[in-house]
Amino acid sequence: MIVSTRGIVIRTFNYRETSKIVEIFTESDGLVALIAKGYRKQTKQLGILEPLNIVFVSFYKKKSQELHLLSKAETLSSYYKLLNSSEKLFVGLTILNFIKETQVLENPNEPLFRLTENCIVKLKEDKINPLIILVYFLVRLSQDLGLDAIEKLEPWKHKDFKYLTFNSTNGEFQADFSFEKFPKISRKTVDLFFTIDGFEFENLDKIQIVSLKIQEIINFFAEYLSFYLSKVIKINTLDIFNYDF
């Protein structure tokens, strides 16, 4: 069976002497693993299968296999515009990291694909804080997974506290409770979540935020989703980037 679809390149790695294995989050099939045979010898193809590229691919899909054969790939939107900003690149790769960590192979999810694609395209604009895009993505990702973080935080919306601790052993929030093992989010961060949840995607540029505790936000969502998905979610971009944006 031949499948032709749009997709977002999540990651690639070399395979044997001339090939690559590429993971693509596709519109039709969700996250798929493909082998691009001889890709590294084809100079005209180099640069297509790069993370954050939005591509059109065709591949041979066999029901009995998890690794399918890539037959064609072309770039629809390149990641190159993101290379001029370490902040944009960080946000884009963090989005890919969360997709990789939360999605299972070949589980179609068109709404999440559209959200991810829109966020990557939006990153190329100069009129919006890239970190706002990341927070919006994380809020919507939790909702897509049926683990709505906003819903869990609703009881705390109008309460007085400096920060909330997410107890990752029982899934409960505790106000002003300090324990290094558990992630914390400040009052300002909680308010930001509710603000962003009230905006449509096309209006995100109207949100004015002076500063964001982005490490705090990423660590919270990683722990929150880890608890409810019963798996350890590791966000590698926090280790790769010396985050001081």
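Everything quoted here is computed from the prediction, not taken from an experiment.

Caption draft 1: Focus on the packing of helix α1 (residues 86-102) against helix α3 (residues 130-144). Where α1 meets α3, the closest approach of the two axes is 9 Å, and the angle between their N-to-C directions is 10°. Judged by the inter-axis angle, α1 sits roughly parallel to α3. In this structure, α1 crosses over α3, and the sense of that crossing is right-handed. Of α3, the residues touching α1 (which contributes E87, K88, F90, V91, T94, I95, F98, I99 and T102) are P130, L131, L134, F137, L138 and L141. Residue composition of the contact of α1 with α3, by class: eleven nonpolar, two polar and two charged.

Caption draft 2: Broad picture of α1. Under the 1.5 Å per step criterion, the end-to-end length of α1 is 24 Å for 17 residues, consistent within 8% with the ideal 24 Å. Among the 17 residues that make up α1, 13 are buried, leaving the element largely enclosed by the rest of the structure.

Caption draft 3: Looking closely at α3. Under the 1.5 Å per step criterion, the end-to-end length of α3 is 21 Å for 15 residues, consistent within 8% with the ideal 21 Å. Backbone nitrogen of L131 and a side-chain oxygen of the N-cap are separated by 2.9 Å at the start of α3; the cap is N129. Where α3 terminates, the next one or two residues include G146, which has phi positive at roughly 75°.

Caption draft 4: Representation of the pairing of strand β2 (residues 19-26) within the structure. Counting buried positions along β2 gives eight out of eight residues, so the element sits mostly inside the fold. What you see with β2 is no split at all: S19, I21, E23 and F25 on one side and K20, V22, I24 and T26 on the other are buried throughout. Relative to β2, strand β1 (residues 2-15) is paired through eight bridges, and the arrangement is antiparallel. What sits directly across from R11, in β2, is E23. Counted between consecutive antiparallel strands, the loop separating β1 from β2 contains three residues, among which R16 sits at a positive phi close to 55°. Following β2, the chain reverses through three residues before pairing antiparallel with strand β3 (residues 30-36).

Caption draft 5: Examining the packing of aromatic side chains more closely. Counted under the stated rule, the structure contains 16 aromatic pairs. Within the aromatic cluster, the residues linked to one another by ring pairs are F166, F173, F193, F220, F221, Y224, F227 and Y228. In this structure, K184 packs its charged tip against the face of Y163, placed 4.3 Å from the ring centre.

Caption draft 6: Focus on the side chain of E23. Mapping E23 onto the fold places it in strand β2. When its relative accessible area of 8% is taken as the criterion, E23 is described as buried. A distance of 2.8 Å separates polar atoms of two side chains, one belonging to E23 and the other to R11. Ignoring any residue separated from it by four or fewer positions in sequence, one finds E23 in contact with I8, V9, I10, R11, L31, V32, A33 and K100.

Caption draft 7: Representation of the nonpolar core within the structure. Formed by 63 residues in total, the largest nonpolar core has its most connected members in F98, F137, F193, F220 and F221. Counting residues per element, the ones that place at least two in this core are β1, α1, α2 (110-123), α3, α4 (149-153), β6 (163-167), α5 (187-197) and α6 (214-229). Sort the elements by how many residues they give to this core and α3 lands first, with ten residues. Setting aside chain neighbours within four positions, we find F137 in contact with I95, F98, I99, L112, L115, T116 and C119. By size, the runner-up hydrophobic cluster in this structure holds 15 residues, among which are L34, I48, V55 and A73.

Caption draft 8: Region of interest: the sheet that holds β1. Overall, mixed pairing links the five strands, which are arranged β1-β2-β3-β5-β4 in a closed barrel. Each strand of the sheet is rotated relative to its neighbour by a mean of 50°, with strand direction disregarded. Judged from the seven bridges that link them, strand β4 (residues 54-60) and strand β5 (residues 67-77) form a sheet pairing that is antiparallel. The residue of β5 that forms the bridge with F56 is E74. Sheet strands in contact with α1 are β1, β2 and β3, and its direction is about 100° off that of β1. Where α2 meets the sheet, it contacts β1, β2 and β4, and its direction lies at approximately 65° from that of β1.

What counts, and where the lines are drawn
- Residues numbered from 1 in each chain as written.
- Predicted model: local features only at pLDDT ≥ 70, side-chain atom pairs only at ≥ 80, totals over all residues.
- Heavy atoms only, no water.
- Axes fitted to C-alpha atoms, helices over the stretch in contact; angles between N-to-C directions.
- Helix = DSSP H or I, 4+ residues; strand = E, 2+ residues; numbered from the N terminus.
- Parallel < 35°, antiparallel > 145°, perpendicular 65-115°, else oblique.
- Left-handed = near helix turned anticlockwise from the far one by under 90°.
- Contact = heavy atoms within 4.5 Å.
- Nonpolar A, V, L, I, M, F, W, Y, C, P; charged D, E, K, R; others polar.
- Expected span 1.5 Å × (residues − 1).
- Buried < 20%, exposed > 50% of the residue type's maximum accessible area, 1.4 Å probe, protein only.
- Polar contact = N/O pair within 3.5 Å; in protein donor to acceptor, adjacent residues only side chain to side chain.
- Pairing = 2+ DSSP bridges.
- Phe/Tyr/Trp six-rings, centres within 6.5 Å; stacked < 30°, edge-to-face > 60°.
- Lys NZ or Arg CZ within 6 Å of the ring centre and 35° of its normal.
- Core = buried A, V, L, I, M, F, W, Y, C linked by side-chain atoms within 4.5 Å.

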